[in-house]
Amino acid sequence: MRLAAAVSLALLVTTVTAACGSTAPAPPTSRVERGQVSTKVSASGALAAVTSQNLGFAQAAQLVELNVKVGDTVRAGQVLAREDPFNFQQLLNQQQAQLNNQQAILDRLVHSPTVHGDHRTLDQAKKILDVTKKNSDAIHEKDENSVDRARVALNFARRQLVLAREKLASDEHSSTGCMSSLLGTTVVPDPCPADRTAIATAKSNLIAARTTYEQAKKTLEVDDTQARITEETQRANIVTAQNAVDSDSSDRGPNIAAQAALVANGAALVANAQRNLNNTVLYAPVAGTVSSITGAVGEYVGAGGGTSALAPGTDASIPGVGAAATSDQSSASSTGAPSATRPGGSAFMVLNNINTFQVVVPFEESDAAKVAPNQKVQVSFDALPDLTRDGTVLSVAPGGVDISGVTNYYATILLTDTDPRLRTGQTAEAGVLVADLENVLVVPNSAVIKQGGRSFVNVPGPNGQPTLKQFQPGLVGDDNTQVLSGLTEGEPIQLPQATVSGSPSGGTGGGGGGGGRGGG
């Protein structure tokens, strides 16, 4: 309530400022805080005086404590009896352990480095490809230089062979021919054998040069092929890394949503197990006198509090009321309606002479599915607008009744305290607390923005403008929405701008406000 009042005040200040000044006011803000998330279902019914009430446990178990005797006067809220809580406590422990495990998995998914790791792998694969290409280019350049040098050497060897042959031909056609000559007193040797040796050497050099050239070309071809294979392998690694990025990125959101749903389901199981454990203690819902007790310590008592009477003026069954439905059993019989069970007939305990009221309320079927015995209720009265009283759901009718074409189920609600101004037949509005979480991260419903089935809030951006930020909602209450992940405690959020004369008083920034009901 304090949070709602603060939000209303912030919106009022924003509206007045926008109307009086030309400068657009800053959007109202709040913070992600720990608080309560609760939801209620409401319906109207009529008050009826209670004269007796059947009491019993919600679950069957062994009775281990009985604190009252027949004839004792008890006060509202007094502990009357206890069942053995062992099995219920163990079930609660199991459900809590499973919830902790599911929450740990959710936290691991939310904070998982997988996508970041995929991006790093992709970046590394791209770097390796760049280095591979540079290395391939260097090898290619070296091999081409080797081919060029081998080609020059080959051409040189060919030229040398041509020159050797020309030299032999020249010597053979000289005046002396291929024979020794006398130059003065010196004998000049025959040049032809030397020419032939030079030709042979030139041929050998040519063969070696050709071999070197062919080997250089082959090396160039092999290295180019190997380079292409290496580069394509690295490109395949990039494709694999990119596929991992795409797959993990696309799966992350749905995986987190699916795990958050498991967490929410686990929380519901824990709440149900906690309620069953709490219900092993039987409290007096109102003050009264114990008129009967069926069961002793050590015996196993069944679930429920006895049979039921009809709700006044209807043919819908109200389980567990007993004689409380009417003080005139003969009247009920004369109208053909079944009468209430005799106090103490099958109930574990019966209270009589209760100076309080009950409200018989019809809930339409979707709301009735959320209503269960022992839930807390706040009751207000049309005739007494300044008065509210607490109550407890006693029971819900197992069969529905058609009211104006809509199936309704009657519930009986006991007021835990009374007021001298209350009268039988007065119209009462009953708000049943059907879901309640304490000390959880919450944001106001007015701050929640629904887009594409996902939930966002506006947070202050770097330039002060609203920026959408997604979060994973849990239970959506009447005023607040539970935050499962995506937001941290104390984080500032922006609330929707107030309106003046039907026009927005400020910019919409990252998106319009308006807390949508529903989450998950």
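Up top you'll find the structure we're talking about.
Now for a quick tour of the structure. For every chain, the first residue of the written sequence is number 1, and numbering continues from 1 onward in sequence order. The predicted origin of the model limits local features to residues at a pLDDT of at least 70 and limits the giving and counting of side-chain atom pairs to 80 or more, whereas totals for whole chains, interfaces and linings rest on all residues. Values shown for side chains rest on all heavy atoms present in the structure; no hydrogens or waters enter the calculation.

### Thoughts on the environment of Pro492
(1) Moving on: Runs of H or I in DSSP of at least four residues are treated as helices and runs of E of at least two as strands, each being numbered from the N terminus. Tracing the backbone shows Pro492 in strand S23 (residues 492-494).
(2) Moving on: The buried label applies to any residue whose accessible area, calculated with a 1.4 Å probe on protein chains only, is under 20% of its type's maximum; exposed applies above 50%, and partly exposed to all values in between. According to the relative accessible area criterion, Pro492 is partly exposed, its value standing at 31%.
(3) Moving on: Placed 461 residues apart in sequence, Pro492 and Arg31 show a C-alpha to C-alpha distance of 4.3 Å.
(4) Moving on: Throughout, a residue-residue contact means that at least one pair of heavy atoms, one from each residue, lies within 4.5 Å. The residues contacting Pro492, other than those within four sequence positions of it, are Ser30, Arg31, Val459 and Pro460.

### Brief notes about helix H2 (residues 86-110)
(1) Moving on: The end-to-end C-alpha separation of H2 is 36 Å, in line with the 36 Å expected for 25 residues at 1.5 Å each.
(2) Moving on: Residues Phe88, Leu92, Gln95, Leu99, Leu106 and Val110 constitute the buried set of H2.
(3) Moving on: Among the structural elements, strand S3 (61-66), helix H4 (192-278) and strand S22 (480-485) are those in contact with the buried residues of H2. An expected span of 1.5 Å times one less than the residue number is assigned to each helix.

### Concerning the pairing of strand S21 (residues 466-476)
(1) Moving on: Strands qualify as paired when DSSP identifies two bridges or more between them. Where strand S20 (residues 454-460) meets S21, six bridges bridge the pair, whose relative direction is antiparallel. From the neighbouring strand, Phe456 faces S21, where its bridge partner is Gln470.
(2) Moving on: Hairpin connection between S20 and S21: a loop of five residues separates the two successive antiparallel strands, and Gly464 in this loop has a positive phi of roughly 85°.
(3) Moving on: Relative to S22, S21 runs antiparallel, the two being bridged by three bridges. Each residue of the ladder has a partner; that of Pro473, found in S22, is Val483.
(4) Moving on: Two successive antiparallel strands, S21 and S22, enclose a turn made up of three residues.

### Focus on unusual backbone geometry
(1) Moving on: With phi around 55°, Ser404 is a residue other than glycine that occupies positive phi space.
(2) Moving on: In this fold, Ser404 is placed in the loop between strand S16 (401-403) and strand S17 (406-415).
(3) Moving on: Ser404 sits in the exposed class, given a relative accessible area of 75%.
(4) Moving on: A positive phi angle, close to 55°, is found at Asn439, a residue other than glycine.
(5) Moving on: Considering the arrangement of structural elements, one finds Asn439 in strand S18 (residues 427-444).

### Re the nonpolar core
(1) Moving on: Residues grouped as a nonpolar core are buried Ala, Val, Leu, Ile, Met, Phe, Trp, Tyr and Cys residues, joined through side-chain atoms within 4.5 Å. Phe363, Phe381 and Val432 are the most contacted members of the largest nonpolar core, which totals 23 residues.
(2) Moving on: Among the elements of the structure, strand S2 (33-55), strand S13 (349-364), strand S14 (376-381), strand S15 (384-396), S17 and S18 are those that each provide at least two residues to this core.
(3) Moving on: Not counting the four nearest positions on each side in its chain, Phe381 is found in contact with Leu47, Leu387, Arg389, Leu415, Leu422, Thr427 and Ala428.
(4) Moving on: Judged by nonpolar contacts, the second largest core, of 15 residues, contains Val147, Ala150, Ala164 and Ala216.

### Quick look at the layout of surface pockets
Rolled over the atoms, a probe as big as a water molecule pinpoints where empty space is left.
(1) Moving on: The calculated volume of the second largest pocket comes to roughly 350 Å³.
(2) Moving on: In this structure, the second largest pocket is lined by 15 residues; those nearest its centre are Gly253, Ile256, Gln470, Phe471 and Gln472.
(3) Moving on: Mapped by element, the contributors of at least two residues to the lining of the second largest pocket are H4, S20 and S21.
(4) Moving on: When the residues that make up the lining of the second largest pocket are grouped by side-chain class, the tally is five nonpolar, eight polar and two charged. In this analysis, the protein atoms alone were mapped onto a 1 Å grid. Cavities are point sets where a 1.4 Å probe fits without being able to get out; pockets are open sets with protein on both sides within 12 Å along at least five of seven lines; lining residues have an atom within 4 Å of a point. Grid points are joined across faces, edges and corners, and a volume is the space filled by probe spheres set on the points. Residues are grouped as follows: Ala, Val, Leu, Ile, Met, Phe, Trp, Tyr, Cys and Pro are nonpolar; Asp, Glu, Lys and Arg are charged; every other residue, Gly included, is polar.

### Comments concerning the pattern of salt bridges
(1) Moving on: Any carboxyl oxygen of Asp or Glu that lies within 4 Å of a side-chain nitrogen of Lys or Arg is treated as forming a salt bridge with it. All told, the structure shown has 14 salt bridges when counted by the stated rule.
(2) Moving on: For Arg421, the salt bridge goes to Asp386, with nearest N and O atoms at 3.4 Å. With a gap of 35 residues between them, Arg421 in the loop between S17 and S18 and Asp386 in strand S15 connect regions that are remote in the sequence.
(3) Moving on: The exposure class assigned to Arg421 is partly exposed, which follows from its relative accessible area of 37%.
(4) Moving on: Residue class for Asp386 comes out exposed when judged on its relative accessible area of 62%.
(5) Moving on: Of the charged contacts, one joins Arg421 and Asp419 as a salt bridge, the two residues approaching to 3.0 Å between their closest N and O atoms.
(6) Moving on: A network of salt bridges, in which partner residues are shared, links Asp386, Arg389, Asp417, Asp419 and Arg421.

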